[in-house]
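# Breakdown of the fold
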Amino acid sequence: MHNVSGGGVRGFVEDLIDQEDDFDRWYVDVVKRSELADDAPVRGCKVVRPYGYALWENMQAALDRRIKATGVQNAYFPMLIPESMLNREAEHIEGFAPEVAWVTHGGNQKLEERLAIRPTSEAIICGMYARWVQSYRDLPILINQWCSVLRWEDRPRAFLRTSEFLWQEGHTCHATAEEAERRALQMLEVYRDFVETELAIPVISGAKSESEKFAGAHRTYTIEAMMGGKFWALQSGTSHDLRDHFGKVFDIEFLDSDGQRKHAFNTSWGLSHRTIGAIVMVHGDDSGLKLPPRVAPIQAVIIPIWRKEDERETVAMHVSRVEQALSGVRIHVDRRDDKTPGWKFNEWELRGVPLRIEVGPRDVHSGQAVVVRRDTREKLAVSLAEMPETVPTLLSQIQSDMFDSAFTRQRERTANVDDLAELYERARTNAGFSLAWWCGDAACEDSVKTESRATIRCLPFDQPAGSGACVVCGRAASMLAVFARAY
RNA sequence: CGGGGUGUGGCGCAGUCUGGUAGCGCGCGGCGUUUGGGACGCUGAGGUCGGAGGUUCGAGUCCUCUCACCCCGACCA
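What you see is a predicted model, and the numbers here were worked out from it, not measured in a lab.

Rules of the game
- Residues numbered from 1 in each chain as written.
- Chains lettered and ligands numbered in written order.
- Predicted model: local features only at pLDDT ≥ 70, side-chain atom pairs only at ≥ 80, totals over all residues.
- Pairing = 2+ DSSP bridges.
- Helix = DSSP H or I, 4+ residues; strand = E, 2+ residues; numbered from the N terminus.
- Axes fitted to C-alpha atoms, helices over the stretch in contact; angles between N-to-C directions.
- Parallel < 35°, antiparallel > 145°, perpendicular 65-115°, else oblique.
- Left-handed = near helix turned anticlockwise from the far one by under 90°.
- Contact = placed C-beta atoms within 7 Å.
- Nonpolar A, V, L, I, M, F, W, Y, C, P; charged D, E, K, R; others polar.

### Description of the sheet that holds strand S18 (residues 368–373)
Pairing within the open sheet is mixed, and its 5 strands lie in the order S16-S15-S17-S18-S19. With partners counted over all chains shown, the strands left at the sheet margins are strand S16 (331–333) and strand S19 (379–383), one partner each. Within this sheet the neighbouring strands show an average axis-to-axis angle of 25°, counted without direction. When strand S17 (residues 355–359) meets S18, the two strands line up antiparallel, connected through 4 bridges. Paired with Leu355 across the bridge in S18 is Arg373.

### A few points about the packing of helix H13 (residues 420–428) against helix H14 (residues 442–452)
As a packed pair, H13 and H14 sit with axes 10 Å apart at the nearest point and diverge in direction by 45°. The angle between H13 and H14 falls in the class oblique. Between H13 and H14 lies a crossing of right-handed hand. Facing Leu423, Tyr424, Ala427 and Arg428 of H13, the residues of H14 in contact are Val448, Glu451 and Ser452. Classifying every residue of the contact of H13 with H14 gives 4 nonpolar, 1 polar and 2 charged.

### Here we look at the pairing of S18
Regular strands place side chains that alternate from one sheet face to the opposite one. Pairing of S18 with S19, which is carried by 5 bridges, proceeds in the antiparallel orientation. Bridging across to S19, Ala369 finds its partner in Val382. The turn joining S18 and S19, which pair antiparallel and follow one another in sequence, is formed by 5 residues; a positive phi near 65° is taken by Arg377.

Next comes the structure, spelled out in structure tokens:
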């Protein structure tokens, strides 16, 4: 047996800074060292590496299933949008203009009309819907696309805010305002269920204030999650009721059953790969990532261990028996022989694999394996016979424990605040979310932002009965708002 | 776009003040010994110092210009 220098488990995680010392640097380090993503040659762009992309694919599959279950179909619209089309909705273009990238040349020819690289696709999709809709019988149209969009960002952060990012954007078109509103809320609920169930991240569902609304929307709904470290908020999915703003400017007109010509009502809703960043920041610890089992690319990593050459063979045979016992589990066997087990333990912890299964000579003799949880580091000797039952059970236990601890943190770091100084103090000290009464006046909202950099993340659907005094101006207020700093 | 910082093998850095043959650690290849919480020995490969110009017998080091990236602000899914 080799001599282990150093002390506890943590001592071996070299270079990775502790969360509380510098959370932002911890985040950058973990993303890079776990091989989720790497820097690209173009500023603001990142390469999503195979491990990160496998995670995204699992997330996509789980969300895509839910979206389709509501009757939505997938399609694909072009990346290039003519300037005149993007410009039609005034608020929309005003909101996005600063971050749109333009194609001005095709080959050697200067284009007569420059083309926007989509920052979002309302314009081109509504433009197409106008052609497809003649009658109320053509409605609703329920379409989603998986794609990337481009927004020229001044200050990028891996996954959270990159110039090009991966997402899905759904765009629906309806005959009535009520139906569109219902759809917007329905899709927000799909997001809530997806993020809470698959990613083990608790969220607060609610509406955005006027000033935080999507450019061109009638109402914007959001799910907000509390990150670890500095307890800032991250908008993790949004859904917009566009009312008939886009229907009017894009001439989506139809003849209704009552014989009247009417403009259609639209929704749009999106969830991006920034939720990968949320997984990192919500669940990660000083040893690295902690991936929720339901979406983890590898759910259990098997580490063969041997001392003598003759043990190598028997261990390998035992490993394949373990693999067979776990046919329904996403398994990876780490057969590298140039790394010690200790090195592998640390690497797979850094990469957030929920379960580690150690298979060594002792396990061959006892017909078992040592199963270790990433979240608690609890070790269990599990017999081969128990394995098909025990491992999946452990995985779902980890999933729900991860949700519970994130939920507990969110609850403990959320406080009701009725004093403005306390609100500012909480923002300044990164104390978490503050729930406070707000009169609805944008001036009050704005002064909080100026003074403390905290913003209204959402007006939760879940409101207490009664009313109170606005935390800023003291006037009567009927809404409780979540104030927090945000990524 | 403002304020600050950094550019030297894949990564992290020293060397710059005071010019004189480009170094260290990790990583990487080969061979051997190893493997239950980041093993070790031997051996080998790999850079002309972000870029351009200048001063000098001689520039990683001094001067001028320039580019890129990072951090902190304003703006944003």
